[in-house]
Amino acid sequence: MIGAVLADIPAYTSWFFKCLQAREIPQISSSAYNFMIYISLDTPWPLWLRDIIYDVKIKIDMASGKVDVRSKAVPEPVVPIQKDHVRITDSGLQWVLERIEPNRTRIMFIMRTDAGGSVSSYWSDLGCRKTIYHSLINLHGIVADPKYEALGRKLVQDYTQSN
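Remember, predicted model here, so these are calculated numbers, not experimental data.

## So, the pairing of strand β6 (residues 90-101)
With seven bridges joining them, strand β4 (residues 66-73) and β6 adopt antiparallel strand pairing. Each bridged residue has a counterpart across the sheet, and for Lys-72 the counterpart in β6 is Gly-92. Summarising the sheet, β6 and strand β7 (residues 104-114) pair through eleven bridges and their orientation is antiparallel. Along β7, the bridge assignment pairs Gln-94 with Ile-110. Linking β6 to β7, which pair antiparallel, is a turn of two residues.

## Details of the nonpolar core
Grouped together as the largest cluster of nonpolar side chains are 29 residues, with contacts concentrated most on Tyr-12, Trp-15, Ile-37, Ile-39 and Trp-95. Counting residues per element, the ones that place at least two in this core are α1 (2-7), β1 (19-24), β2 (34-41), β3 (49-61), β4, β6, β7 and α2 (121-142). In terms of residue count, the dominant contributor to this core is β2 (four residues). If near-sequence neighbours (up to four positions away) are discounted, Trp-95 is found in contact with Leu-6, Trp-15, Val-67, Asp-68, Val-69, Ile-107, Met-108, Phe-109, Leu-136 and Leu-139.

## Quick notes on helix α3 (residues 146-162)
An ideal rise of 1.5 Å per residue puts 24 Å on 17 residues; α3 measures up with 25 Å between its terminal C-alpha atoms. Looking only at α3, the buried set comprises Tyr-148, Gly-152 and Tyr-159. For α3, the angular spread of the buried residues around the axis is 45°, confining them to a single face. Turned more than 90 degrees from where α3 packs its buried face, Pro-146, Arg-153 and Gln-161 sit exposed. Of the residues flanking the start of α3, the one acting as N-cap is Asp-145, its side-chain oxygen 2.9 Å from the backbone nitrogen of Lys-147.

## A short note on unusual backbone geometry
For Lys-18, which is not a glycine, the phi torsion comes out positive at approximately 65°. Within the fold, Lys-18 resides in the loop between α1 and β1. For Asp-84, which is not glycine, the phi torsion reads 65° and is therefore positive.

## Regarding the side chain of Arg-50
The residue Arg-50 is located in strand β3 in this model. Buried charged residue Arg-50 carries no salt bridge. Nearest counter-charge: Asp-114, at 7.6 Å. Looking at Arg-50, its side chain comes within polar contact range of the main-chain oxygen of Trp-48, at 2.8 Å.

## Points about the pairing of β3
Two strands pair when backbone bridges link them, and β2 and β3 are joined in this way by eight bridges, in the antiparallel orientation. The residue bridging Leu-41 from the neighbouring strand is Arg-50, located in β3. The pairing of β3 with strand β5 (residues 85-88) spans four bridges and is parallel. The residue bridging Asp-51 from the neighbouring strand is Arg-87, located in β5.

What counts, and where the lines are drawn
Throughout, a residue's number is its position along its own chain's written sequence, starting from 1. Thresholds applied to this predicted model are a pLDDT of at least 70 for local features of residues and 80 or more for the giving and counting of side-chain atom pairs; totals over whole chains, interfaces and linings are not thresholded and use all residues. Excluding hydrogens and water, the side-chain figures rest on all heavy atoms present in the structure. Strands are labelled as partners when DSSP assigns at least two bridges between them. We count a stretch as a helix when DSSP gives it H or I for four or more residues in a row; a strand needs E for two or more, and each element gets its number in order from the N terminus. Grouping buried Ala, Val, Leu, Ile, Met, Phe, Trp, Tyr and Cys residues that are joined through side-chain atoms within 4.5 Å yields what is termed a nonpolar core. Think of it in three bands: with a 1.4 Å probe and only protein chains considered, a residue is buried below 20% of the maximum accessible area for its type, exposed above 50%, and partly exposed in between. Residue contacts follow a heavy-atom distance rule, with two residues in contact if any of their heavy atoms lie within 4.5 Å. One less than the residue count of a helix, multiplied by 1.5 Å, gives the span that helix is expected to have. Our arc is simply the arc of the directions from the helix axis toward the C-beta atoms. In protein, a polar contact means a hydrogen-donor-capable atom and an acceptor-capable atom, both N or O and within 3.5 Å, with residues adjacent in sequence counting only if both atoms are side-chain atoms; elsewhere, any N or O pair within 3.5 Å suffices. When charges are counted, Lys and Arg are positive and Asp and Glu negative, with His and the chain ends excluded. Within this document, salt bridges are pairs made up of a side-chain nitrogen of Lys or Arg and a carboxyl oxygen of Asp or Glu, the two lying within 4 Å of each other.

In structure tokens:
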């Protein structure tokens, strides 16, 4: 079900820390397991908002119950930079989801981001730690929504049929 939450990109605003907007970029996405997403992030005053485009690659090993999601920032302006935003061009995210039991999943979330602009590495690192912590807490709360159980079953069925 956690994989289903990660697949529901517009819902990132309800659990990914400080996420204002998230959407797939369909004209560039190449498949259900390799696509691009646009994310806009809130920042504390006096900093400008940040946005980022991630190239996402997903590997699924059904036998072991492991899903590896890797996202790397795209430096090219695939989506125009919004007014009052700073584009993050150096970032990487990795989610490793491993089924332990039918309703238990081990999650590893690794994040490295240079927030860009005039933000020092100290503040950028602090932002990464806060994002990881709060996103995981929020993810734990949202995964119980019954819609993600149904979406998870559909994703597994679609993956099984396509391979």
